[in-house]
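Descriptive analysis of the structure
Next come the chains, spelled out residue by residue.
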Protein chains: 2
Amino acid sequence: MNIGDAATRSGVSAKMIRYYEQIGLIPPAARTASGYRSYGTSEVHMLRFIARARDLGFSIREITGLLDLWRNKDRRSADVKALAQARVRDLRDKIERMQDMADTLEDLANACAGNERPSCPILQRLETAEASGEDSPARPSRSGGFKDRGGS
Amino acid sequence: MNIGDAATRSGVSAKMIRYYEQIGLIPPAARTASGYRSYGTSEVHMLRFIARARDLGFSIREITGLLDLWRNKDRRSADVKALAQARVRDLRDKIERMQDMADTLEDLANACAGNERPSCPILQRLETAEASGEDSPARPSRSGGFKDRGGS
DNA sequence: TCTGGGGCTTCCCATCATGGGAAGGTCAAG
DNA sequence: CTTGACCTTCCCATGATGGGAAGCCCCAGA
């Protein structure tokens, strides 16, 4: 089948299939006499594998490793497990920090009166708490200033 | 203080500070007579806010809105509140999707023996699609939303 | 047999956030 | 005054992905 069919069947865009081939993630596809890429079910299979892994947040680099494990008869499940667990740790950590920020943001919203008066108390607190400039931008003398040599 | 100090104090690299200024995320810094950018504590504070938001996966566009929340004091508090609440909803939604993903991966990892034998359900699962629900036919759609920059 | 439209090819460009590095100006300590 | 760390701008690269142009190919319909 042509690349378009392979794309719709695998869920990987034709552009991406060519890209994956170009960077060596997948081997070069067979070509028809006129130069069209030609795919079979095993290629589509592999592309689906890649699509799934991308969906789960694996980077291309990680997928390279997964593909190696997948294609290798001697693959060790421990390697696969370690990869997945690393991703999970990564995600859990990120989720935790996102929850922190969501909570903060929610507090901020709840502290707002939500009327037509300007300024939320928390916003003011944030500003005045830290906004006290100390250094002054070194005023005059030396008219030298600033050259913008030739930029666009 | 100079950009280097601001960078180390905020956790945003000097490169990124200039970039943020260039794209208008932060206002142009004051300049010394010789052209050096000059920062005060409020700028550092703002940069730290940005760093945290970036770390949590907010896009620059989203951070623009978040910054308006606490930087723009002339806003009606109702607007501030609505904006904050919208962000919170977005955040909770993303958290939920990330949790789904983490759960799926964790299940897969737990089902993996993690030994020298080659059978690991993760690989089979990846082969046969359906990691966590129906998969949409021709729509690649890289699990919407959160960015996964800089991982393990 | 011709023709039109859609699919295929490669190539270049854009994105977003980030970093590397070059070429040159500035500053502060020795 | 020299030196080395720091700053300035500008250009280029990355990783994944998409957009689009120029040109070739294939098949169905007239």
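Residues numbered from 1 in each chain as written. Chains lettered and ligands numbered in written order. Predicted model: local features only at pLDDT ≥ 70, side-chain atom pairs only at ≥ 80, totals over all residues. Heavy atoms only, no water.

Brief notes about the packing of aromatic side chains
All names here are of chain A. A complete count under the given rule lists two aromatic pairs over all chains for this structure. Judged by centre distance (6.0 Å) and plane angle (50°), the rings of Y19 and Y20 are tilted. When its relative accessible area of 6% is taken as the criterion, Y20 is described as buried. (Phe/Tyr/Trp six-rings, centres within 6.5 Å; stacked < 30°, edge-to-face > 60°. Buried < 20%, exposed > 50% of the residue type's maximum accessible area, 1.4 Å probe, protein only.)

Quick word on the packing of helix α1 (residues 3-10) of chain A against helix α3 (residues 41-55) of chain A
Residues and elements named next belong to chain A. Two elements in contact, α1 and α3, have axes whose closest approach is 9 Å; the angle formed by their N-to-C orientations is 45°. It follows from the interaxial angle that α1 and α3 lie oblique. Once α1 is placed against α3, the crossing between them reads as right-handed. In contact with A6, R9 and S10 of α1, α3 contributes V44, L47, R48 and A51. The residue makeup of the contact of α1 with α3, split by class, is four nonpolar, one polar and two charged. (Axes fitted to C-alpha atoms, helices over the stretch in contact; angles between N-to-C directions. Helix = DSSP H or I, 4+ residues; strand = E, 2+ residues; numbered from the N terminus. Parallel < 35°, antiparallel > 145°, perpendicular 65-115°, else oblique. Left-handed = near helix turned anticlockwise from the far one by under 90°. Contact = heavy atoms within 4.5 Å. Nonpolar A, V, L, I, M, F, W, Y, C, P; charged D, E, K, R; others polar.)

A word on the protein's contact with DNA strand C
In the vicinity of DNA strand C there are 22 residues, among which A:Y36, B:K15, B:Y20, B:Y36 and B:I60 approach most closely. For DNA strand C, the fraction of protein-proximal atoms (within 4 Å) that sit in sugar or phosphate groups is 63%. B:Y36 places a side-chain nitrogen or oxygen 2.7 Å from a base nitrogen of DNA strand C. Broken down by secondary-structure element, the contributors of at least two residues to the surface near DNA strand C are α1 and α2 (14-22) of chain A together with α2 (14-22) of chain B. (Near = heavy atom within 4 Å. Polar contact = N/O pair within 3.5 Å; in protein donor to acceptor, adjacent residues only side chain to side chain.)

Topic: the UniProt feature "coiled-coil region" (unreviewed entry) in chain A
Using the residue numbers shown here, the UniProt feature "coiled-coil region" (unreviewed entry) corresponds to residues 81-111 of chain A. Across residues 81-111 of chain A, helical content stands at 100% and strand content at 0%; the span's end C-alpha atoms are separated by 45 Å. (UniProt positions renumbered as here; feature names shortened; annotations may be inferred.)

Observations concerning the packing of helix α5 (residues 77-111) of chain A against helix α3 (residues 41-55) of chain B
Here α5(A) crosses α3(B) at 130°, and the two axes come no closer than 9 Å. When the axes of α5(A) and α3(B) are compared, the pair comes out oblique. Each of A:K94, A:R97, A:D100, A:M101 and A:T104 in α5(A) lies in contact with α3(B), whose residues at this interface are B:F49, B:R52, B:A53 and B:D55. Across the contact of α5(A) with α3(B), the residue classes tally to three nonpolar, one polar and five charged.

As for the nonpolar core
Ranked by size, the top nonpolar core spans 70 residues in total, and within it A:I17, A:I50, A:L67, B:I17 and B:I50 carry the most contacts. Lining this core are residues from two domains, each supplying at least three of them: domain 1 (1-58) and domain 2 (76-128) of chain A. For A:I17, the contacting residues outside a window of four places in its chain are A:I3, A:A6, A:A7, A:S10, A:V12, A:I26, A:Y39 and A:L47. (Core = buried A, V, L, I, M, F, W, Y, C linked by side-chain atoms within 4.5 Å. Domains from an automatic or database assignment.)

Regarding the confidence of the model for chain A
For chain A, the average pLDDT comes to 73, and 70% of its residues sit at 70 or higher. Low pLDDT, under 50, characterises residues 122-152 of chain A; the stretch is placed with 39 contacts to residues that sit more than four places away or in other chains. (pLDDT = per-residue confidence, 0-100.)

Topic: the side chain of A:S10
Residue and element names in this part refer to chain A. Following the sequence through the fold, S10 ends up in helix α1. Judged by its relative accessible area of 3%, S10 is buried. Sequence-distant contacts of S10, that is, excluding residues within four places in its chain, are made with I17, V44, L47, R48 and A51.

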